[in-house]
Amino acid sequence: MKQIGVVGAGVMGTGLAQDLAAHGYTVVLVDRSREQLERAEHEVVRYYRTGRLFGHDTDKYGDLTQRVTYTTEPADLGSVEFLIENITENWPLKAELYPVLDRICPPETVFAANTSCIPITKIASVTGRPAAVLGMHFMNPVPMKSTVEVIRGWHTSTETLDTAQQLLAGLDKRGIVVNDMPGFVSNRVLMLTVNEAIALVQDGVAEPAEIDDIFRSCFGHASGPLETADLIGLDTILYSIEGLYEFYADPKYRPSPLLKKMVDAGLHGRKSGRGFFTYS
Ligand SMILES: NC(=O)c1ccc[n+]([C@@H]2O[C@H](COP(=O)([O-])OP(=O)(O)OC[C@H]3O[C@@H](n4cnc5c(N)ncnc54)[C@H](O)[C@@H]3O)[C@@H](O)[C@H]2O)c1
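This report concerns the structure included in the present document. Everything numeric in this text was worked out from a predicted model, so none of it was measured.

As a further point, take the pairing of strand β3 (residues 68-71). In this structure, strand β2 (residues 26-30) lies alongside β3, joined through 4 bridges in parallel fashion. Bridge pairing in β3 links Val27 to Val68. Taking the sense of rotation as the criterion, the β-α-β connection linking β2, helix α2 (residues 34-50) and β3 turns out right-handed.

Listed below in structure tokens is the structure:
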């Protein structure tokens, strides 16, 4: 497996392109926004130059920047052997995209959905290859994280899971396989925690820095829920929690009004320069 398609050049798609290229894969990176592709290219070049500072051998296979193609044309995915989809966490958008990918890619191409919460079985249902669809929930930032939550949809075949594990091995990562339900393991728990942390800010119980400090200092977590939310993107958090609310029809997933207000105000976290904290 050498050529990998990556659809969506946002936070996750860019991280994947960096990591795949650094491990010798050739990447076709697709986004509908030219501006996002330009931003992604800038980040890939920056990673090539600075990755070594974080102990990453970005030069192991030569110049990784030469192995990424940037395009707005899904038709350029016609010969990829494996595809990882990372577009906005929005079901209508994904439901429109997958049938297009299904027509373009060879029937044996595996489709891995890097979604936070959308059920894999639902994604597979809009393709003609449900056995070749699985979830691969990569963690952010992709090049820094060694473990991936792998999701087995209703129809996902053993061959598809094996192919995905092979790709992960090529990235020096390990997959933990779980069954399919909205939010899987990680985000069914994390989204509730983040949402409740936002409710604490809304209720004036504590400042964001104090909430995160409690998680880091008292529980020994590597980061607090609000800095994690900023890293993920508050828009992605809102889409995810709205998805869980809808899929489970359970009021425990009701998004915090403060989260909705911040997203409306354009405070999308680290990627927009401001969320619960400010970034330069
Ligand atoms: N941010 C995280 O920490 C994180 C972690 C794991 C998984 N995810 C999941 O990964 C996916 C992407 O998240 P992100 O944070 O990178 O989002 P993002 O908002 O940073 O990027 C999404 C990208 O998708 C593009 N896009 C939207 N519709 C498209 C289409 N039809 N065709 C091509 N490109 C399209 C947008 O232009 C944008 O560049 C989501 O499903 C999210 O839930 C996110």
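In this section: the nonpolar core. Within the largest apolar cluster, 35 residues are counted, with the highest numbers of intra-cluster contacts made by Leu20, Leu29, Phe82, Ile84, Met136 and Phe138. Looking at this core, the element that brings in the most residues is helix α1 (residues 11-22), giving 6 residues. Those residues in contact with Leu29 that lie beyond four places of it in its chain are Val6, Gly8, Ala9, Gly13, Ala17, Leu37, Ala40, Val68, Thr69, Tyr70 and Thr71. Listed in part, the 22 residues of the second largest apolar core include Cys117, Ala197, Leu258 and Leu259.

Among the 23 residues in the neighbourhood of the ligand, the closest are listed as Met12, Asp31, Gln36, Glu89 and Ser116. In the environment of the ligand, an oxygen atom lies 2.6 Å from a nitrogen or oxygen atom belonging to the side chain of Asp31. Asn114 has a polar backbone atom sitting 2.9 Å from an oxygen atom of the ligand. Compared with its free state, where it exposes 840 Å², the ligand has 91% of that area covered by protein. Here the shell around the ligand is built from residues that sort into 6 nonpolar, 12 polar and 5 charged. Taken domain by domain, the shell around the ligand gets at least three of its residues from each of domain 1 (3-179) and domain 2 (189-271).

What counts, and at which threshold
- Residues numbered from 1 in each chain as written.
- Predicted model: local features only at pLDDT ≥ 70, side-chain atom pairs only at ≥ 80, totals over all residues.
- Heavy atoms only, no water.
- Pairing = 2+ DSSP bridges.
- Helix = DSSP H or I, 4+ residues; strand = E, 2+ residues; numbered from the N terminus.
- Right-handed = clockwise from strand over helix to strand, strands pointing away.
- Core = buried A, V, L, I, M, F, W, Y, C linked by side-chain atoms within 4.5 Å.
- Buried < 20%, exposed > 50% of the residue type's maximum accessible area, 1.4 Å probe, protein only.
- Contact = heavy atoms within 4.5 Å.
- Near = heavy atom within 4 Å.
- Polar contact = N/O pair within 3.5 Å; in protein donor to acceptor, adjacent residues only side chain to side chain.
- Areas by Shrake-Rupley, 256 points an atom, 1.4 Å probe, with all protein chains shown as cover.
- Nonpolar A, V, L, I, M, F, W, Y, C, P; charged D, E, K, R; others polar.
- Domains from an automatic or database assignment.

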